[in-house]
There are 2 protein chains.
Amino acid sequence: MKQQEVFKAMADPTRRAILKRLQGGPLTAGEIGEAFDITPASLSHHFAVLKHADLVRTERRGQYIVYSLNSTVFEDLARMLMDLFPAKGKVGGKL
Amino acid sequence: MKQQEVFKAMADPTRRAILKRLQGGPLTAGEIGEAFDITPASLSHHFAVLKHADLVRTERRGQYIVYSLNSTVFEDLARMLMDLFPAKGKVGGKL
DNA sequence: TAGATATTTAGATATTTTTCTAAATATTGC
DNA sequence: GCAATATTTAGAAAAATATCTAAATATCTA
């Protein structure tokens, strides 16, 4: 996992909002964009960053491109944090 | 909790390394700095960012300033992530 | 195939961030 | 109080990032 890429991707509020929008399930680039006051080009840049960090997956469906969360990275992220902070009473366990 | 500040603070590799160094317990600014090829002034800037995000605490001890991890933020961070990613089989629980 | 729609890429600009040097502040010990 | 040490603050330069407009690419539908 590219730790630096993931943290950098999460540092931008627009990108976190994109991730949040994807919680409800996959959406096209355009559908995601509706929620933001930003050009499609800028959005596309953010998608690229999220994709590079492996936080989202893409799939072309006709003329649309569908984005979805890559939830496996979640576990990695949790581990990353555990690794960054002291154990403090065995919170870790299974996760 | 200042979500934006926390994520921004964690986005820099030097700052993550500082946090990691503090896992073993409190250290003075100078002791932390030994591990990095960076000026004290730059280090101080990083400390300020971490402090602003409430990730570290400071205490003056004589002519030294001692930094320590603020572990309570850890829980907040975990929660933040839970909030950003879908539940996926009740991983959350107690934490 | 041509026109319309969806998305990305290229290139430029503005903002933010990191880092530095120099100077300021705080504290210790003589 | 003065010199030495530890750290921060101020201000500037360099690097990275976010955003935009314009143009390119991919796909659909008539």
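## A closer look at the protein's contact with DNA strand C
Around DNA strand C, a shell composed of 23 residues is seen, among which Gly30(A), Tyr67(A), Lys8(B), Ser42(B) and His46(B) lie nearest. Taken together, the sugar and phosphate atoms account for 73% of what DNA strand C places within 4 Å of the protein. Residue Thr39(B) places a main-chain N or O atom 3.1 Å away from a phosphate oxygen belonging to DNA strand C. At a separation of 2.5 Å, a phosphate oxygen of DNA strand C approaches a polar side-chain atom of His46(B). Elements supplying a minimum of two residues to the surface near DNA strand C: α3 (29-33), α4 (40-52) and β3 (64-69) of chain A together with α4 (40-52) of chain B. Here the surface near DNA strand C is built from residues that sort into 9 nonpolar, 10 polar and 4 charged.

## A few points about the relation of the copies chain B and chain A
Screw-axis analysis of chain B against chain A gives a translation of 0.0 Å along the axis, an RMSD of 0.0 Å, and a rotation angle of 180°. Such a combination of rotation and displacement between the chain copies is what one expects of a two-fold axis. Taking C-alpha positions as reference, the residue of chain B nearest the rotation axis is Ala11(B), located at 3.1 Å. A symmetric contact is evident, with 96% of the interface residues of chain B recurring at the interface of chain A.

## Observations concerning the protein's contact with DNA strand D
In the vicinity of DNA strand D lie 23 residues, with Lys8(A), Ser42(A), His46(A), Gly30(B) and Tyr67(B) positioned nearest. One of the side-chain N or O atoms of Lys8(A) is found 2.7 Å from a phosphate oxygen in DNA strand D. Taking Ser42(A), its side chain carries an N or O atom lying 2.8 Å from a phosphate oxygen of DNA strand D. Elements represented by at least two residues in the surface near DNA strand D include exactly α4 of chain A together with α3 (29-33), α4 and β3 (64-69) of chain B. Partitioned by chemical class, the residues of the surface near DNA strand D number 9 nonpolar, 10 polar and 4 charged.

## What about the interface of chain B and chain A?
The interface of chain B with chain A comprises 26 residues on the first partner and 25 residues on the second. For the pair chain B and chain A, the summed buried area comes to about 2700 Å², and 73% of that belongs to carbon and sulfur atoms. Area buried by chain B at its contact with chain A is led by Phe74(B), Leu84(B) and Phe85(B), which between them contribute 25% of it. At the boundary of chain B and chain A, one finds 0 salt bridges. Among the elements of the structure, α1 (3-10), α2 (13-21) and α5 (72-84) of chain B are those that each provide at least two residues to the side of chain B that touches chain A. The element contributing the most residues to the side of chain B that touches chain A is α5(B), with 6 residues. Taken together, the residues of the side of chain B that touches chain A break down into 16 nonpolar, 5 polar and 5 charged.

## Points about the sheet that holds strand β1 (residues 27-28) of chain B
Residue and element names in this part refer to chain B. In space, the 3 strands of this open sheet follow the order β1-β3-β2, with antiparallel pairing throughout. The open sheet has two edge strands, β1 and β2 (56-61), and neither has a second partner. Direction of pairing for β2 relative to β3: antiparallel, over a ladder of 6 bridges. Across the sheet, residue arginine 61 finds its bridge partner in β3, namely tyrosine 64.

## Quick notes on the packing of helix α5 (residues 72-84) of chain A against α5(B)
For the pair α5(A) and α5(B), interaxial distance at closest approach is 11 Å and the crossing angle is 175°. Comparing the axis directions of α5(A) and α5(B) gives the class roughly antiparallel. Of the residues in α5(B), those in contact with Phe74(A), Leu77(A), Leu81(A) and Met82(A) of α5(A) are Phe74(B), Leu77(B), Leu81(B) and Met82(B). Tallied by class, residues from the contact of α5(A) with α5(B) come to 8 nonpolar, no polar and no charged.

Thresholds applied
Residues numbered from 1 in each chain as written. Chains lettered and ligands numbered in written order. Predicted model: local features only at pLDDT ≥ 70, side-chain atom pairs only at ≥ 80, totals over all residues. Heavy atoms only, no water. Near = heavy atom within 4 Å. Polar contact = N/O pair within 3.5 Å; in protein donor to acceptor, adjacent residues only side chain to side chain. Helix = DSSP H or I, 4+ residues; strand = E, 2+ residues; numbered from the N terminus. Nonpolar A, V, L, I, M, F, W, Y, C, P; charged D, E, K, R; others polar. Least-squares fit on C-alpha atoms with pLDDT ≥ 70 in both. Contact = heavy atoms within 4.5 Å. Buried area = accessible area lost by both parts, 1.4 Å probe. Salt bridge = Lys/Arg side-chain N within 4 Å of Asp/Glu carboxyl O. Pairing = 2+ DSSP bridges. Axes fitted to C-alpha atoms, helices over the stretch in contact; angles between N-to-C directions. Parallel < 35°, antiparallel > 145°, perpendicular 65-115°, else oblique.

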